[in-house]
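Coordinate inspection notes
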Amino acid sequence: MAVPHTPVLLEEVLEWLRIRPDGTYIDATLGAGGHSEAIARKLTSGTIPMRPSGRLIGLDRDAQALAMGRERLKTFGARVTVVHAPFSRIAEVAQELGIPPVDGVLADLGVSSMQLDQAERGFSFREAGPLDMRMNAEDELTADEIVNRWPERELADLLYREADEHDSRKIARAIVRARPIRDTAHLATTVAGARKQWGRQRLHPATKTFLALRIAVNRELEELGQFLSRTPVTMNSGGRWVVLSYHSREDRLVKRAFQEGERAGTLRVLTKHVIQPSEEEMAGNPRSRSAKLRCAERV
């Protein structure tokens, strides 16, 4: 199975996690398994007499991504356990599996390349697809519900609050007038027609609108808040916690949680400044350009 996924900041993730061959690790956002595969390769298999094996637990709420990750990681056998769960349930999953406090946790936030590249998932404005955007197909709320049924004012407030979209009121008005919005291409065209254009645009005019909808549909910031509050109890003293974020609201929440943990004496922040991709990585993988890595250590 071909896995359309290039893990972001891979070498940096491995460096900051400081993987022990016999350690236990959680990849809280397994996705297609790019980071997990690299972590699993550094773990011992338990075939060496008297030497304990390393273990990796991968979580994801996207069943389709989970299936791809499981396929990619099956060669590691019992070293890897894959669980269908959102990362907000990290503490419950650790308890249910009966694992000891872990030596490292990784979370790669945001939408994966795999989700963006499949028009039928509704995450991308580059091809016509259904207004879906659910990471977990079992969730009820879809982008269609928000786009075609929410009142104009609530829609505008959402765009401004979640994505800092300064043309939120114009966009919301244009969307309501164009209802029913048929698909992602129709939505992207409607948004582009409503936004001010200032010189050359680096981002597609609909980028922030799609971001705000995705965040709302998947309750991303609520999920992140729960993950940030529940993760420290799952970790060993000296365990490393690495988080990759892709937009400013995510990064602010991570930074604040790490700082609060440091003040409370439960964490030590190791990255005083965020780690960002090299020019070479951004050239090879443009989607990595907004990535920011932060790392803290459990005290």
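Up top is the structure.
Residues numbered from 1 in each chain as written. Predicted model: local features only at pLDDT ≥ 70, side-chain atom pairs only at ≥ 80, totals over all residues. Heavy atoms only, no water.

Some remarks on the overall build of the protein
- Check the secondary structure of the protein and you find 13 helices and 7 strands.
- Taking 299 residues into account, the globule formula puts the C-alpha radius of gyration at 19 Å, and the protein, at 20 Å, falls close to it.
- In terms of overall dimensions, the protein has C-alpha extents of about 70 × 45 × 40 Å along its principal axes.
- For the protein, buried positions account for 54% of its 299 residues.
- In the protein, the share of contacts with a sequence separation of at least 24, taken over all contacts with a separation of at least 6, comes to 71%.
- Counting every atom, the protein has about 14,400 Å² of accessible surface; 49% of that belongs to carbon and sulfur.
- Where the 45 positive side-chain charges of the protein centre and where its 41 negative ones centre are 4 Å apart. (Helix = DSSP H or I, 4+ residues; strand = E, 2+ residues; numbered from the N terminus. Rg over C-alpha atoms; globule rule 2.2 N^0.38 Å. Buried < 20%, exposed > 50% of the residue type's maximum accessible area, 1.4 Å probe, protein only. Contact = heavy atoms within 4.5 Å. Areas by Shrake-Rupley, 256 points an atom, 1.4 Å probe, with all protein chains shown as cover. Lys, Arg positive; Asp, Glu negative; His and termini not counted. Charge placed at Lys NZ, Arg CZ, Asp CG, Glu CD.)

Notes on helix α3 (residues 63-73)
- Looking only at α3, the buried set comprises Ala-65, Leu-66, Met-68, Gly-69 and Leu-73. End-on, the buried residues of α3 take up no more than an arc of 165°, which puts them together on one face.
- The opening residue of α3 is Asp-62, an N-cap whose side-chain oxygen sits 2.9 Å from the backbone nitrogen of Gln-64. (Arc of directions from axis to C-beta. Polar contact = N/O pair within 3.5 Å; in protein donor to acceptor, adjacent residues only side chain to side chain.)

Considering the pairing of strand β3 (residues 80-84)
- In terms of residue burial, β3 counts as a mostly covered element, since 4 of its 5 residues are buried.
- This β-α-β element, strand β2 (residues 55-60) to α3 to β3, shows right-handed connectivity. (Right-handed = clockwise from strand over helix to strand, strands pointing away.)

Description of the pattern of salt bridges
- Inspection of the entire model under this criterion finds 24 salt bridges.
- Between Arg-134 and Asp-132 there is a salt bridge, with its nearest N and O atoms 2.8 Å apart.
- For Arg-134, a relative accessible area of 19% puts it in the buried group.
- Using a relative accessible area of 17% as the deciding quantity, one classes Asp-132 as buried. (Salt bridge = Lys/Arg side-chain N within 4 Å of Asp/Glu carboxyl O.)

Things to note about the packing of helix α7 (residues 152-163) against helix α8 (residues 168-178)
- Contact pair α7 / α8: the axes reach a minimum separation of 8 Å and the direction vectors enclose 135°. For the element pair α7 / α8, the angle class is oblique. Considering how the two elements wind past one another, α7 and α8 form a crossing that is right-handed. Packed against α7, whose contacting residues are Glu-152, Arg-153, Leu-155, Ala-156, Asp-157, Leu-159 and Tyr-160, the element α8 presents Ser-168, Arg-169, Ile-171, Ala-172, Arg-173, Ile-175 and Val-176 at the interface.
- The residue makeup of the contact of α7 with α8, split by class, is 8 nonpolar, 1 polar and 5 charged. (Axes fitted to C-alpha atoms, helices over the stretch in contact; angles between N-to-C directions. Parallel < 35°, antiparallel > 145°, perpendicular 65-115°, else oblique. Left-handed = near helix turned anticlockwise from the far one by under 90°. Nonpolar A, V, L, I, M, F, W, Y, C, P; charged D, E, K, R; others polar.)

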